[in-house]
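Examination of the molecular architecture
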Amino acid sequence: MQFSLATWNINSVRLRMPIVEKFLDEKQPDILCLQETKCPNELFPVAPFNDRGYLHQAINGQKGYHGVAILSRVPLSGIDRRDPGDVGHARHVSALFDLADKTVRLHNFYVPAGGDEPDVRINPKFAHKLDFIEAMKSVQSGSEPGISSILVGDLNIAPLEHDVWSHKQLLKIVSHTPVETDGLKDVIAVGAWLDLMRQFTPEPEKLYTWWSYRSANWEVANKGRRLDHVWSSPDLGPHLAEVEILKEARGWEKPSDHVPVIARFSF
């Protein structure tokens, strides 16, 4: 049995629906997880997904900000939405689905970006980000007996040295500061998660999923960061067949600054 799952910070699902349709038509993942949908639930563009067989949907959105969604060709159940810190942000949704002989809990997260200044004393957004990462420690791969786990999303942290274009130059830049990278590594350790992207492509090879809009020529400069992640419980690791980072999507018409990441499994 073959199974594929994609994650993508789309930066407004309604604005970028043409490239979402292009992606689904070309890659046809079994499940697509979107972040930063910027869309209230009642206005989510369900029709294009239904037309392509993604009839099972778990959506957690709000107007103009944040928002996450799971679009699936396989049935979903046990839908749950969390709001770490009770701040009223739509940044998480999870659901159960069946995969081969397993039941899997799929978590889709959009971690706060954290603003520009990595100092909690003057930047409440950075404090919120660190609190959010701390709260993620309660999301563990073995928390539901007999159920496997996958966690995906835009986690807005590039945790490893080769997840950024320049480790030295970004140590004081939000997304790669030690307090953030150590925090995310702790989430992985406490939750017994496997970093599937790095399982498939170990360091020191560079891995990027995000290129800034501010770069005049993003492809030539190639100053990327790996902000998007795919993790799993240990039992799913041996079934990983491939991880594809669709870099070409950054050059599509009206692109997101993030690109899709596809994990393919074989059972």
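Computed from a predicted model, the values in this text were never measured in an experiment.

**Re the sheet that holds strand S9 (residues 194-195)**
Within the open sheet, the 6 strands sit side by side as S5-S6-S7-S8-S12-S9. Their pairing is mixed. Pairing within the sheet leaves two strands with one partner each, and these edge strands are strand S5 (77-80) and S9. One ladder, built from 2 bridges, connects S9 with strand S12 (residues 228-232); its direction is antiparallel. Looking at the pairing, leucine 194 lines up with serine 232 of S12.

**A look at the layout of surface pockets**
There is about 1100 Å³ of room inside the largest pocket. If you trace the largest pocket, you find 35 residues lining it, with Ala113, Gly115, Asp116, Asn156 and Arg214 closest to the centre. Sort the elements by how many residues they give to the lining of the largest pocket and helix H3 (residues 124-135) lands first, with 3 residues.

**Things to note about helix H1 (residues 17-27)**
Residues spaced three or four apart along an α-helix face the same direction, because each turn holds 3.6 residues. Looking only at H1, the buried set comprises Met17, Ile19, Val20, Phe23 and Leu24. One face of H1 carries all of its buried residues, which in axial projection span an arc of 165 degrees. Looking at the buried residues of H1, the elements they touch are strand S1 (2-9), strand S2 (31-35), helix H2 (46-51) and strand S14 (261-266). At the C-terminal side of H1, glutamine 28 shows a positive phi close to 50 degrees.

**Looking at the sheet that holds S2**
In space, the 6 strands of this open sheet follow the order S3-S4-S2-S1-S14-S13, with mixed pairing throughout. Looking at the sheet topology across the chains shown, the edges are occupied by strand S3 (56-60) and strand S13 (240-245). Averaged over all neighbouring strand pairs, the angle between strand axes comes to 10 degrees, with direction disregarded. Pairing of S3 with strand S4 (residues 68-72), which is carried by 5 bridges, proceeds in the antiparallel orientation. Its bridge partner being in S4, glutamine 57 is matched across the sheet by leucine 71. Along the sheet face, H1 touches S1, S2, S13 and S14 and points at about 165 degrees away from the line of S1.

**Some words on the packing of aromatic side chains**
Working definition: an aromatic ring pair is given by the centre-to-centre distance plus the angle between the planes. Under the definition given, this model contains 10 aromatic pairs. Between the aromatic rings of phenylalanine 109 and phenylalanine 132, the centroid separation amounts to 6.0 Å while the plane-to-plane angle is 85 degrees, which identifies the pairing as edge-to-face. One end of the pair, phenylalanine 109, is in strand S7 (residues 102-110); the other, phenylalanine 132, is in helix H3, with 23 residues separating them in the sequence. Accessibility expressed as a relative area gives 1% for phenylalanine 109, which makes it buried. For the pair phenylalanine 265 and phenylalanine 267, a centre-to-centre distance of 6.4 Å together with 25 degrees between the ring planes defines the contact as stacked. Residue classification places phenylalanine 265 among the buried residues on the basis of a relative accessible area of 1%. An aromatic cluster is present here, built from Phe3, Phe97, Phe265 and Phe267 joined pairwise through their rings. The ring of tryptophan 252 carries the charged tip of lysine 22 above its face, separated from the ring centre by 4.9 Å. In this structure, arginine 91 is placed above the aromatic ring of tyrosine 110, and the distance from its NZ or CZ to the ring centre is 4.8 Å.

Definitions and cut-offs
- Residues numbered from 1 in each chain as written.
- Predicted model: local features only at pLDDT ≥ 70, side-chain atom pairs only at ≥ 80, totals over all residues.
- Heavy atoms only, no water.
- Pairing = 2+ DSSP bridges.
- Helix = DSSP H or I, 4+ residues; strand = E, 2+ residues; numbered from the N terminus.
- 1 Å grid on protein atoms, 1.4 Å probe; cavity = no way out; pocket = protein on both sides within 12 Å on 5 of 7 lines; lining within 4 Å.
- Points joined across faces, edges and corners; volume = space filled by probe spheres on them.
- Buried < 20%, exposed > 50% of the residue type's maximum accessible area, 1.4 Å probe, protein only.
- Arc of directions from axis to C-beta.
- Contact = heavy atoms within 4.5 Å.
- Axes fitted to C-alpha atoms, helices over the stretch in contact; angles between N-to-C directions.
- Phe/Tyr/Trp six-rings, centres within 6.5 Å; stacked < 30°, edge-to-face > 60°.
- Lys NZ or Arg CZ within 6 Å of the ring centre and 35° of its normal.

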